Amino acid sequence: MPDTQPPAIELRGISKAFGPVQANKDINLSVKRGAIHGIIGENGAGKSTLMSILYGFYKADKGEILISGQITHIPDSQAAIAAGIGMVFQHFKLVQNFTVLENVVLGAEDGALLGPSLSKARKELTALAAEYGLDVDPDALIQDIGVGMQQRVEILKALYRQADILILDEPTGVLTPAEADQLFRILGRLKEEGKTIVLITHKLREIMEITDTVSVMRRGEMTATVETATTSPEALAELMVGRKVLLRVEKKPAKVGALVLEVRDLKVTDDKGVQKLRGISFDIRAGEILGLAGVAGNGQSELLEVLGGYQKAKGTIRMNGEEIDLTGRHSDAQSRRARGIAHVPEDRHREGLILEFQAWENMAFGYHNDPKYQKNALMMDNDAIRADTAEKMARFDVRPPNPLLAAKSFSGGNQQKIVLAREIERNPDLLLIGQPTRGVDIGAIEFIHQQIMRLRDEGKAILLVSVELEEIMSLSDRIAVMFDGQIMGERLPEKTDEKELGLLMAGMAGEAA
Amino acid sequence: MDIMPKWAEVFLVPLISLILAAILSAVVILAIGENPIDAVSIMIKGSVLSVRGWGYTLYYATNFIFTGLCVAVAFHARLFNIGGEGQAALGGLGVALALLFIPWPHWSIALAAATVAAAAFGALWALIPAYLQAARGSHIVITTIMFNFMASGLLNYLLSNSLKPIGQSDPATAKFNAAFDLPTLNGVLTQMGYKAARDDSVNITFLVAIAACFAVWFLLWRTRLGYQIRAFGQSETAAKYAGIKPVRITMIAMMISGGLAGLMAINTVMGEQERLVLNAVEGAGFIGIAVALMGRSHPFGVFLAALLFGFLYQGGAELALWTNIPRELIVVIQALVILFTGALDNMVRMPLERLFLRLRKPEAPPPTAPPPPGPTRPDHTPEGTVKEA
């Protein structure tokens, strides 16, 4: 449609390379004033790089940026703020032991004395809150407020700095569905007030729900920009991946067998004396997937650590009928593996892999005591490990299939496949799997989901922990929801919906299942 | 992926650091009115152009190999052991105790006994800080420094009280049995008919040091324990996930590290002085840090770096002997080399990395890793780094 106003943001021919990697290739983008524009793409497609260029973290090798029709040079974030651009990062940049007010003012103080800045900010914060429905208590400490609130503080920070253009990087990653809805309402208000919003996400549903226009990035290129109303999730997924993708997994009816894992009244208290698990009980049988939903940080990680053998706990766990040692000599990860528990951890960079190690060294990780991997009493059989790795990499379609490549050189999806191959190929009785598709591209998601299903159909018990409700809904045979170290309730996927699960995730008690 | 090819990483960076240190040293020598070219030629002549010079260069290098390996092994477990000085001092005590009181039948058996004692004493001295770090969270840098002082105090006490022969005035033990004298390079050459000047230079411990290099390499890259040490050093969280016990690995790695430092004593105490004197370590424990840094914690790198520092030590001694360059200035020059090769590593590395990036860009050849077949994806680099920014 014809438009006399210049676009809020216009990028012309932006290119950026990191060494041999072309992160952005000749990107053109135009975002209308007062619109919500989505940018969607897989991990590594170049979305964050592009936004970092816009926010002054990186300098583009080529191309120009126009803000409201003016060519603007953005060498650093100060310049971006001056140009009216505000950014809300995926990981909030807030000082935990400062109040909301202090965080808003931080970096935008008027002088050496804080008093005047703070009282000015207090007034402005009240005005902003009224205008956009962004209620927060200015005197609350960040560490005392929830993630949803913290995100509002980030938005307020940007607005306080007079941002006209707001960039949000994966804003719903840490939110419950209800919080996400609230965020979307706020974004709607901001749009009505004439702000321009750029939303970076990999969730198709969000794009469909709130954006006016959407751009798709793939391999550093902007492959398409369309009106959201004229497209569909399937079409967008195809644009992202470059081929047709199955968005839902095929799920045969579960053939549930014997009881594999029994957890009774499990309690964990961390070093600071905070109770992370407050008496959890559940069962998993052979051939079924128990999905554990919940917002990150509600005890799921601790539960996986306890089951994985590297977190002490109180309570009872029985594996195939035998009680597991939770505090004594056999409460370590090696003993758990010996019991037939395999574990794909939530964070493959922190736990699942040694990034500096080569793929074959990672394939032995956790199984380094396996007699098959020893040449004699003294030496490991490196050749045997390499051969085993090559075989597993081929079976799990890891690319490139080179056992000698360092783990850090693989893409997120391929790193995850290495971990999966290592754990699944052990033929465990119980698979613990945390955030199986976090930071993994759509093509690999499909493959990973198929592997989990295959294992279930082979009669293994699976505990799936994920913050992605869609994933939980489509894979699980039963869904348990965690909140604040407790299981709020159990539901069957076909008899529940995201709304009900969302309420449970936010701690609204349902009746125990 | 690595930005620089491996050869640049391993050789170019230290070489440039070394050249920078040399240039700055030359300026210092010029400033006090001496000729840097003469100085260099004296250093070379006195350290590697004569049998005698080699003897001393290798003698010093032997010390630095042990202390360098000590720091390197700890580095692989991400432990900064700067207690090599104290562990080597205790190693000396072990050697003295093993040799003073037992009449070993042959020098080779005495050497074996001294080796075991030196390693055991060094390892035990490292074990206490290791335990405090692993189980109590006391920082190993602090505790190992403190243990250096305690070692020095302990030896001071023992040497001036219990171990000193009655009637002797200097704080040292009696001479060891002359039958325990280790074969030296000069001794061997004399037997072969060459005329050798003095006998107090490189001895058979040098071969023990080379064996230690190989043993450390074997341990780290061929055994399960080494695998666990390296994994723990790379990521403690991942190690826990894999069932590698942090306390155990910390203590074992530190014991190996301390044991290696202790072995240095067989070179100085048994090989050269043939009795235990005060301050037998002569600062080699600290040089070990620079050696490990420059050798990139690889046994072969440690070997080369130790040779270099051996050359600097022997060359420096020659310089003090034949020129007006004061002894203190030689320490300054050695310190410059340590500063550039050890502490200022990134100063050279960063510009070099940028240079390699620029060289590579126009042609854009594949990185060290072969490109994935099918779509090339720039996955792990930009996005992850941005989020951290």
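### Quick word on helix α1 (residues 47-54) of chain A
Then step 1. Taking burial as the measure, the eight residues of α1(A) include eight buried ones, the bulk of the element.
Then step 2. Those residues of α1(A) lying buried are Lys47(A), Ser48(A), Thr49(A), Leu50(A), Met51(A), Ser52(A), Ile53(A) and Leu54(A).

### A word on the sheet that holds strand β15 (residues 322-323) of chain A
Residues and elements named next belong to chain A.
Then step 1. Taken in spatial order, the four strands make up an open sheet running β12-β11-β14-β15, and their pairing is antiparallel. Of all the strands in the sheet, the pair left with one neighbour each is β12 (275-285) and β15.
Then step 2. Contacting β11 (259-269), β12 and β14 (314-319), helix α9 (residues 300-308) crosses the sheet at an angle of about 120° to β11.

### Side note on the domain arrangement of chain A
All names here are of chain A.
Then step 1. The domain architecture assigned to chain A consists of domain 1 (9-241) and domain 2 (259-505).
Then step 2. Computed over C-alpha atoms, the centres of domain 1 and domain 2 are 33 Å apart.
Then step 3. At the junction of the two partners, domain 1 supplies 13 residues and domain 2 supplies 13 residues.
Then step 4. Summed over the three residues of domain 1 that lose the most area to domain 2, namely Glu42, Asn43 and Pro177, the buried surface amounts to 39% of that side.
Then step 5. Counting across the domain 1 and domain 2 interface gives one salt bridge.
Then step 6. A salt bridge links glutamate 498 to arginine 205; the nearest nitrogen and oxygen atoms lie 3.8 Å apart.
Then step 7. Put simply, domain 1 and domain 2 have zero residue pairs in polar contact (both at pLDDT 80 or more) between them.

### Observations concerning a nonpolar patch on the surface
Residues and elements named next belong to chain B.
Then step 1. Taken together, the side chains of Leu15, Ile19, Leu20, Ile23, Val27 and Met347 present a nonpolar region at the surface, about 520 Å² in accessible area.
Then step 2. Here the nonpolar patch gets five residues from one element, more than from any other, and that element is helix α1 (residues 6-31).
Then step 3. You can see valine 27 is positioned in helix α1.

### Quick notes on the nonpolar core
Then step 1. Phe365(A), Phe64(B), Val95(B), Met270(B) and Phe309(B) are the most contacted members of the largest nonpolar core, which totals 152 residues.
Then step 2. Looking at which element gives the most residues to this core, the answer is helix α3 (residues 51-76) of chain B, with 13 residues.
Then step 3. Residues within four places of Phe365(A) in sequence aside, it is in contact with Glu351(A), Gly352(A), Ile354(A), Arg422(A), Tyr227(B), Ala231(B), Ala238(B), Ala239(B), Tyr241(B), Ala242(B) and Ile244(B).
Then step 4. Grouped together as the second largest cluster of nonpolar side chains are 37 residues, Ile36(A), Ile142(A), Leu159(A) and Leu187(A) included.

### Digging into the packing of helix α4 (residues 84-101) of chain B against helix α5 (residues 107-136) of chain B
All names here are of chain B.
Then step 1. Two elements in contact, α4 and α5, have axes whose closest approach is 7 Å; the angle formed by their N-to-C orientations is 140°. Taken together, the axis directions place α4 and α5 in an arrangement best described as oblique. Between α4 and α5 the crossing geometry is right-handed. Of the residues in α5, those in contact with Gly86, Gln87, Leu90, Gly91, Leu93, Gly94, Val95, Leu97, Ala98 and Leu99 of α4 are Ala110, Ala113, Ala114, Ala117, Ala118, Phe121, Gly122, Trp125 and Ala126.
Then step 2. The residue makeup of the contact of α4 with α5, split by class, is 14 nonpolar, five polar and no charged.

### Section: the sheet that holds strand β18 (residues 461-465) of chain A
Residue and element names in this part refer to chain A.
Then step 1. Read from one edge to the other, the open sheet built from six strands follows the order β16-β17-β18-β13-β19-β20, with strand pairing classed as mixed. On the outer flanks of this sheet lie β16 (341-344) and β20 (486-491), each paired with one strand and no other. Neighbour-to-neighbour, the strand axes of this sheet turn through a mean angle of 20°, independent of strand direction.
Then step 2. Pairing of strand β19 (residues 478-483) with β20, which is carried by five bridges, proceeds in the antiparallel orientation. By the bridge assignment for β20, phenylalanine 483 is matched with glutamine 486.
Then step 3. Most of the contacts of α9 go to β18, to which it runs at about 150°, and overall it touches β13 (289-293), β16, β17 (430-434), β18 and β19.

### Topic: the side chain of Asn298(A)
Residues and elements named next belong to chain A.
Then step 1. Locating asparagine 298 in the fold gives a position in the loop between β13 and α9.
Then step 2. For asparagine 298, a relative accessible area of 12% translates into the label buried.
Then step 3. In this structure, asparagine 298 is in contact with Lys276, Met482, Phe483, Asp484 and Gly485, ignoring residues within four places of it in sequence.

### Observations concerning unusual backbone geometry
Among all residues save glycine, negative phi is the norm, and among peptide bonds the norm is trans.
Then step 1. The step from Arg399(A) to Pro400(A) runs through a cis peptide bond, and the omega angle for that step is -5°.
Then step 2. Among the structural elements, Pro400(A) can be located in the loop between α13 (382-395) and α14 (412-424).
Then step 3. Phi at Asp397(A) takes a positive value of approximately 55°, unusual for a residue other than glycine.
Then step 4. Here Asp397(A) shows up in the loop between α13 and α14.
Then step 5. Relative accessible area serves as the criterion here: at 30%, Asp397(A) is assigned to the partly exposed category.
Then step 6. For Glu274(B), which is not a glycine, the phi torsion comes out positive at approximately 60°.
Then step 7. Summarising the element assignment, Glu274(B) is placed in the loop between α11 (246-273) and α12 (284-294).
Then step 8. Taking the relative accessible area as the measure of exposure, Glu274(B) reaches 17% and is therefore buried.

What counts, and at which threshold
- Residues numbered from 1 in each chain as written.
- Chains lettered and ligands numbered in written order.
- Predicted model: local features only at pLDDT ≥ 70, side-chain atom pairs only at ≥ 80, totals over all residues.
- Heavy atoms only, no water.
- Buried < 20%, exposed > 50% of the residue type's maximum accessible area, 1.4 Å probe, protein only.
- Helix = DSSP H or I, 4+ residues; strand = E, 2+ residues; numbered from the N terminus.
- Pairing = 2+ DSSP bridges.
- Contact = heavy atoms within 4.5 Å.
- Axes fitted to C-alpha atoms, helices over the stretch in contact; angles between N-to-C directions.
- Domains from an automatic or database assignment.
- Buried area = accessible area lost by both parts, 1.4 Å probe.
- Salt bridge = Lys/Arg side-chain N within 4 Å of Asp/Glu carboxyl O.
- Polar contact = N/O pair within 3.5 Å; in protein donor to acceptor, adjacent residues only side chain to side chain.
- Patch = residues over 30% accessible without salt bridge, like charges linked within 9 Å, V, L, I, M, F, W, Y side chains within 5 Å.
- Areas by Shrake-Rupley, 256 points an atom, 1.4 Å probe, with all protein chains shown as cover.
- Core = buried A, V, L, I, M, F, W, Y, C linked by side-chain atoms within 4.5 Å.
- Parallel < 35°, antiparallel > 145°, perpendicular 65-115°, else oblique.
- Left-handed = near helix turned anticlockwise from the far one by under 90°.
- Nonpolar A, V, L, I, M, F, W, Y, C, P; charged D, E, K, R; others polar.

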